[in-house]
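Descriptive structure summary
What follows is the residue order along each chain.
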Amino acid sequence: MRHIAIIGSGPAGYYTAEAAQKQWGEEVRVDIFDRLPVPFGLIRTGVAPDHQSIKGVSRRYETVALSDNVRFVGNVSVGSDISIAELQGLYDAVVLATGAPHDRPLGLPGADLGNVYGSAQFVGWYNGHPQFAALDPDLSCRTAVVIGNGNVALDVARILAKTRTEFAGSDIVAHALEVLQGSKIDRVVILGRRGPHQIAMTPKELGELAHLARACPRVDPRDLPEEGADALLEPGQRKSVMHLRSFAAIPEAHRQDKPIEIEIEFDFYAAPRAILGEGRVEGVEVERTRLEGGRAIGTGEVYTIPAGLVIACIGYQTSPIEGVPFEESAGRFANHGGRILPGLYCVGWARRGPSGTIGTNRPDGFSIVERITEDIGEGAGKAGRAGFDALAETRGLKVVTFRDWQKIDEAEIQRARHDSPREKFVDVERMIEVARK
Ligand code: NAP
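For clarity, every value in this text was computed on a predicted model and none was experimentally measured. Within every chain, residues take consecutive numbers counted from 1 along the sequence as written. Local features are withheld for residues below a pLDDT of 70 in this predicted model, meaning they are given only at 70 or higher, and side-chain atom pairs are given and counted only at 80 or more; totals for whole chains, interfaces and linings count all residues. To obtain the side-chain values, all non-hydrogen atoms of the structure were included, while hydrogens and water were left out.

**Here's the deal with the site of the ligand**
- Within the structure, the ligand sits among 22 residues, and N149, N151, R193, R194 and G356 are positioned closest to it.
- Separating an oxygen atom of the ligand from a backbone N or O atom of V152 is a distance of 3.1 Å.
- Pairs of N or O atoms are called polar contacts if they sit within 3.5 Å, as long as, within protein, a hydrogen donor faces a hydrogen acceptor (for residues adjacent in sequence, only side-chain-to-side-chain pairs). The separation between an oxygen atom of the ligand and a polar main-chain atom of G356 is 2.9 Å.
- Helix and strand definitions follow DSSP, with helices as H or I runs of at least four residues and strands as E runs of at least two, each counted in order from the N terminus. The biggest single contributor to the shell around the ligand is helix α7 (residues 151-161), with 3 residues.
- Put simply, Ala, Val, Leu, Ile, Met, Phe, Trp, Tyr, Cys and Pro go in the nonpolar bin, Asp, Glu, Lys and Arg in the charged bin, and everything else, Gly too, in the polar bin. Looking at the shell around the ligand residue by residue, the class counts come to 10 nonpolar, 7 polar and 5 charged. Whether a residue is near a molecule or strand is decided by its heavy atoms; if any one of them lies within 4 Å of it, the residue is near.

Here's what the structure looks like:
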């Protein structure tokens, strides 16, 4: 029998569990730990609330979760409730699937001013992550600056621009919906330090901006490279750039026809240099850039965008765990093909950094299980889940099981608004209380 502990119940964790089941069938026991009492990580608290079809993938994880040889062990923090060394004593392999839940620091003067947030915070807020539910951003200003040209920047800009009606069918949490409804923002500036050809935005997500009820994207045609140069881009990127070209071609007359209340403005070749303000953000100092060998080089031309809200969507990093080698510059665990130390592995964003789609984690999960197979043979007769249960009992840990989660799930569905699939609980104690009923 092989005993595997997976830390993190997001896509990387569940795909690894699925791969372990396929590889060893009845000859494996998998425990999936999560510090929250609810599973699915990024699917629940990262994927945009108005992208329900993407969230549907969790049904696939449910099939894995409900098999006898896989357990969800929620509300257990690895590093504080139990150490990595203890887990290694109990399980043949410990796989860190902890994702990249923290913001990469902006590292600019003024980045700590009020109403300046990283996307992990802001997305966590509107998605009801218990850690960020109390964020309370102030949306009473006119201009928001979103830093970064990736898909998260698009999610944030779109959420800031949607009307109440456009949130129908989404599971955006009530506290965020209320604040967004009172928002006074009428201009969202998306800052890209490089140009349209260098965006990390995928076509479907970019295309959505053209179909918003009261908002309209704006691209300055002078920022677009010669059209012929698009031929050198890979097809997906070319499609994304085509969207930017269509935004640049929206005639002013159309803008006047449609009651546009919010402009979503792309500012390319624009590197943020400082966040300005006294106590809270009042503007962003930006330097115009040009590209040199694909890199953004400052031109010395500096200007200020007056803004009362800044959200930096510049990527995420993994949280270090004591005793686990960490690669600071890349913000992930130091590893060779997923191996960190004997018996200790990482997968998904914790292995490769925050890139790729949810589906990218599936092959990742399968490849780590192949490596584990090479390393652990048939298992070393460790205590596995029975050993963990004994330890949890002595420590008084309030473990939340998958069945418990199903009670939370059901209660969230029951208390949903009329046009929403669920109203999430955002408080850990409340979740545990519901699970214990
Ligand atoms: P990302 O794709 O890596 O984009 C980060 C952006 O931030 C880049 O445009 C980068 O510019 C910019 N940036 C980095 N440091 C900066 C700095 N100091 N100043 C100014 N700009 C800076 O990251 P992400 O948007 O957080 O997305 C993470 C992953 O999740 C991606 O794989 C993404 O596709 C995925 N995701 C997918 C969806 C979806 O499919 N619907 C939704 C959300 C997220 P440079 O290119 O110049 O470095």
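**Brief notes about helix α6 (residues 119-126)**
- A large share of α6 lies buried, amounting to 7 of its 8 residues.
- Remark: exposure states derive from per-residue accessible area (1.4 Å probe, protein chains only) relative to the maximum for the residue type, with buried under 20%, exposed over 50%, and partly exposed in between. Among the residues making up α6, those that are buried are S119, A120, F122, V123, G124, W125 and Y126.
- Just downstream of α6, G128 is the residue with a positive phi angle, here 75°.

**Here's the deal with the sheet that holds strand β3 (residues 70-74)**
- Here a strand pair is declared whenever DSSP counts at least two bridges between the two strands. Overall, mixed pairing links the 6 strands, which are arranged β3-β2-β1-β4-β19-β18 in an open sheet. A strand with exactly one partner marks an edge of an open sheet, and here the two such strands are β3 and β18 (339-341). If you compare each strand with its neighbour and ignore which way they point, the axes differ by 25° on average.
- Whether two residues are in contact is decided by their heavy atoms, any of which lying within 4.5 Å being enough. Lines fitted to the C-alpha atoms define the axes, with helices restricted to the stretch that makes contact. Angles between their N-to-C directions range from 0 to 180 degrees. Of the strands in this sheet, β1 (2-7), β4 (93-96), β18 and β19 (344-346) touch helix α13 (residues 361-376), which is tilted by about 170° from β19.
- With respect to the sheet, helix α14 (residues 384-395) is in contact with β1, β2 (28-34) and β3, its orientation differing from that of β3 by roughly 20°.

**Thoughts on the nonpolar core**
- Of all hydrophobic cores here, the largest spans 49 residues; its most connected members are Y126, V156, L160, L244, F266 and L309.
- Looking at this core, the element that brings in the most residues is α7, giving 7 residues.
- If we ignore the near neighbours within four places in the chain, the residues touching Y126 are P49, D155, V156, I159, I172, V173 and A176.
- Among buried residues, those of type Ala, Val, Leu, Ile, Met, Phe, Trp, Tyr and Cys that are joined through side-chain atoms within 4.5 Å constitute a nonpolar core. In terms of nonpolar packing, the next biggest core, distinct from the first, is built from 41 residues, W24, F40, V57 and I372 among them.

**Here we look at unusual backbone geometry**
- In this model, F40 sits at a positive phi of 90°, which is unusual for a non-glycine residue.
- With respect to the helices, strands and loops of the structure, F40 is situated in the loop between β2 and α2 (41-45).
- Judged by its relative accessible area of 5%, F40 is buried.
- Its identity is not glycine, yet N75 carries a phi of approximately 65°, on the positive side.
- In this fold, N75 is placed in the loop between β3 and α5 (84-90).
- For N75, a relative accessible area of 16% gives the class buried.

**Observations regarding the pairing of β4**
- A two-sided burial pattern is seen for β4, the buried positions comprising A93 and V95 on one face and V94 and L96 on the other.
- In this structure, β1 lies alongside β4, joined through 4 bridges in parallel fashion. Residue pairing in the sheet places I4 in a bridge with A93 of β4.

**Overview of the sheet that holds strand β13 (residues 295-306)**
- If you trace the 3 strands from one edge of the open sheet to the other, you get β11-β12-β13, paired in antiparallel fashion. Single-partner strands in this sheet number two, and they are β11 (270-278) and β13. Neighbour-to-neighbour, the strand axes of this sheet turn through a mean angle of 20°, independent of strand direction.
- Pairing between strand β12 (residues 280-292) and β13: 9 bridges, direction antiparallel. By the bridge assignment, R290 is partnered in β13 with I297.

**Some words on the domain arrangement of the protein**
- Domain delimitation follows an automatic or database domain assignment. Partitioning the protein into structural domains gives domain 1 (2-101 + 318-435) and domain 2 (102-312).
- Each of domain 1 and domain 2 has a C-alpha centre, and the two are 32 Å apart.
- At the interface, 27 residues of domain 1 touch 29 residues of domain 2.
- Here the buried area means the combined drop in accessible surface, using a 1.4 Å probe, for two parts upon being joined, counting both sides. Buried area between domain 1 and domain 2, summed over both chains or domains, comes out near 2200 Å², and the portion from carbon and sulfur atoms is 49%.
- The working definition used for a salt bridge is a side-chain nitrogen of Lys or Arg within 4 Å of a carboxyl oxygen of Asp or Glu. Where domain 1 meets domain 2, there are 5 salt bridges.

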